[in-house]
Amino acid sequence: MRTLLRFFQNYSDLLLFLLLETIAIIFIVQGSSYQRSRIIGLNRQVSGYLFSKVDGAREYLSLRGANQQLVNENLELRNRLDRISGQMDSAIVISKFTEPYHYFYVPSRIVHNSVFKQYNYITLDKGKKQGVFKNMGVISDQGLVGIVLESSNNFSTVIPVINRDFRLSVKIKANNYAGILQWEGESPLYAILTEIPFHLEILQGDTILTSGFSSIFPEGIEVGTIESFSLDKGNFYDIRVMLSTEFQRLFHVNVIRNYRQEEQQNLEAQTR
Amino acid sequence: MYILARNIVRFLVVILFQVLLMDNVMINGYMVPYVYLLFILLMPFETPRWIQLLSGFMLGIGIDLFENTLGMHTAATVLIAFVRPYLLNLLAPRDGYEPETFPRIHYYGFLWFLKYTLIIVVIHHLMLFYLEVFQLKEFFSTLLRVILSSILSASTIILSQYFVFRK
């Protein structure tokens, strides 16, 4: 007994160190994406408030870039409008537009963003009150950004393409073949496209679009272009995709609300 | 008492400074200066070891909460809080540390502080970055990130000695 006590006395610091280190490791191992998002939820109100204060200053300093982004988006929208008004002339198409909204866009501002980590997250200044809920898609004027992970009343966190937990079904524009987009944690500029079978012919520079299979994103939102590919993993290509969104300079994004998401998911659940 | 109050204030300031300001400084999209280690570096020599460990733990949790990296900073910070006393012994001048002094450039000179900071920062970054990747596949690309980030963190910490903690 005496020796045991003396042992604890002599090594108390080492034991404390091991105890604390174990707690930290348990945090890491147990911290699945879900738990991580819960913890973020606890903290989101505080940090969201702090980040939005600081962001005021940051945004002022980067007005130039933000303006440029808005100008680009305007231009793109005007082009799209021209295209649509051309189609409007044919009466058949018009019936499509008399239906209620299918997709609705909530413009939001990024208040916190990280790009250099393995598990990056983005915080937006819109939440449940503004109609942003879990599992909604997020895009920018440049293309795909990510998916809403959790939302509180006035803030929400987004899991962007550049997070190791991100998965999304996307397709190659040239042949409409769908694969899975994910990120391997190397550079915020590139992601990996897998599950494209080797017999397909693909070219460097091919455009990658969202497939529309997930009910989160509409079909045909730009994701990026093929930078390079190799065939080292058996029957599938290993494709390196250059992302069209520059995550390092992102200020404004749009959250996509799909009014038919619930309907589609219910139907799919029934059939399963 | 005065020293305790000063350390508590420093604890809070360092966390806020890190998450609000330093996390927005991204160089090359890869590297962030982790200046919050200053708190551990500047703790008084005679701080009991269990206090060093516990404050390292709390500091890590504070940073983790803001960075959404549950446990990673905690593990790395506790490690350096544990290593620090041994390192201080190793780096001690011939006649030991004088009472009423702190581990700073002001008392022990640039070269001593550079060695001290670099070793602590490298240990911390090694632990942090490899925990983050959690695999050996990208061993060398991670090592490169550790080296570059360590240089950045260490130089920011040393610069802060000249501007913020001059005396």
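Throughout what follows, the structure given in this document is the object of discussion. All values derive from a computational prediction rather than experimental measurement.

**Some points on the nonpolar core**
Grouped together as the largest cluster of nonpolar side chains are 43 residues, with contacts concentrated most on Val158 and Val241 of chain A. If one sorts the elements of this core by residue count, strand S4 (residues 144-151) of chain A sits on top with 5 residues. Among residues more than four places away in sequence, those in contact with Val158 of chain A are Tyr121, Ile122, Leu124, Val138, Val145, Gly146, Ile147, Val148 and Leu149 of chain A. Counting 40 residues, the second-largest nonpolar core is a separate cluster that includes Phe27 of chain A together with Phe66, Leu70 and Leu79 of chain B.

**Side note on the interface of chain A and chain B**
Taken together, the 28 residues of chain A in the interface contact 28 residues of chain B. Only helix H2 (12-30) and helix H3 (33-61) of chain A provide two or more residues apiece to the side of chain A that touches chain B. Ranked by residue count, the leading element in the side of chain A that touches chain B is H2 of chain A, at 9 residues.

**Thoughts on the pairing of strand S5 (residues 156-160) of chain A**
Within a regular strand, the side chains alternate between the two sheet faces. All names here are of chain A. The buried fraction of S5 amounts to 5 of the 5 residues, a majority that puts the element mostly inside the structure. Residues Ser156, Val158 and Pro160 point to one face of S5 and Thr157 and Ile159 to the other, with burial holding for every one of them. Where strand S2 (residues 122-124) and S5 come together, 3 bridges link them in antiparallel fashion. Its bridge partner being in S5, Leu124 is matched across the sheet by Ser156.

**What to know about the packing of H2 of chain A against helix H4 (residues 72-91) of chain B**
Where H2 of chain A contacts H4 of chain B, the axes come no closer than 8 Å and their chain directions differ by 165 degrees. Overall, the two elements H2 of chain A and H4 of chain B adopt an arrangement that is roughly antiparallel. Seen along the crossing, H2 of chain A lies across H4 of chain B with a hand that is left-handed. When H2 of chain A is examined against H4 of chain B, the residues Phe17, Leu20, Glu21, Ala24, Ile25, Phe27 and Ile28 of chain A are found in contact with a partner set consisting of Met72, Thr74, Ala75, Val78, Leu79 and Phe82 of chain B. Class assignment of the residues belonging to the contact of H2 of chain A with H4 of chain B gives a composition of 11 nonpolar, 1 polar and 1 charged.

**Description of the sheet that holds S2 of chain A**
All names here are of chain A. A barrel is described by the order of its strands in space; here 6 strands give the closed sequence S1-S2-S5-S4-S3-S12, paired in antiparallel fashion. Geometrically, the sheet is characterised by an average inter-axis angle of 40 degrees between neighbouring strands, direction not taken into account. One ladder, built from 3 bridges, connects strand S3 (residues 137-139) with S4; its direction is antiparallel. Bridge pairing in S4 places Gly137 opposite Ile147.

**Regarding helix H3 (residues 49-67) of chain B**
Between its first and last C-alpha, H3 of chain B extends 27 Å over 19 residues, near the 27 Å set by a 1.5 Å rise per residue. Just downstream of H3 of chain B lies Asn68 of chain B, where phi reads positive at about 60 degrees.

Here is what the cut-offs are and how they apply
- Residues numbered from 1 in each chain as written.
- Chains lettered and ligands numbered in written order.
- Predicted model: local features only at pLDDT ≥ 70, side-chain atom pairs only at ≥ 80, totals over all residues.
- Core = buried A, V, L, I, M, F, W, Y, C linked by C-beta atoms within 7 Å.
- Buried ≥ 20, exposed ≤ 12 C-beta atoms within 10 Å, placed from the backbone.
- Helix = DSSP H or I, 4+ residues; strand = E, 2+ residues; numbered from the N terminus.
- Contact = placed C-beta atoms within 7 Å.
- Pairing = 2+ DSSP bridges.
- Axes fitted to C-alpha atoms, helices over the stretch in contact; angles between N-to-C directions.
- Parallel < 35°, antiparallel > 145°, perpendicular 65-115°, else oblique.
- Left-handed = near helix turned anticlockwise from the far one by under 90°.
- Nonpolar A, V, L, I, M, F, W, Y, C, P; charged D, E, K, R; others polar.
- Expected span 1.5 Å × (residues − 1).

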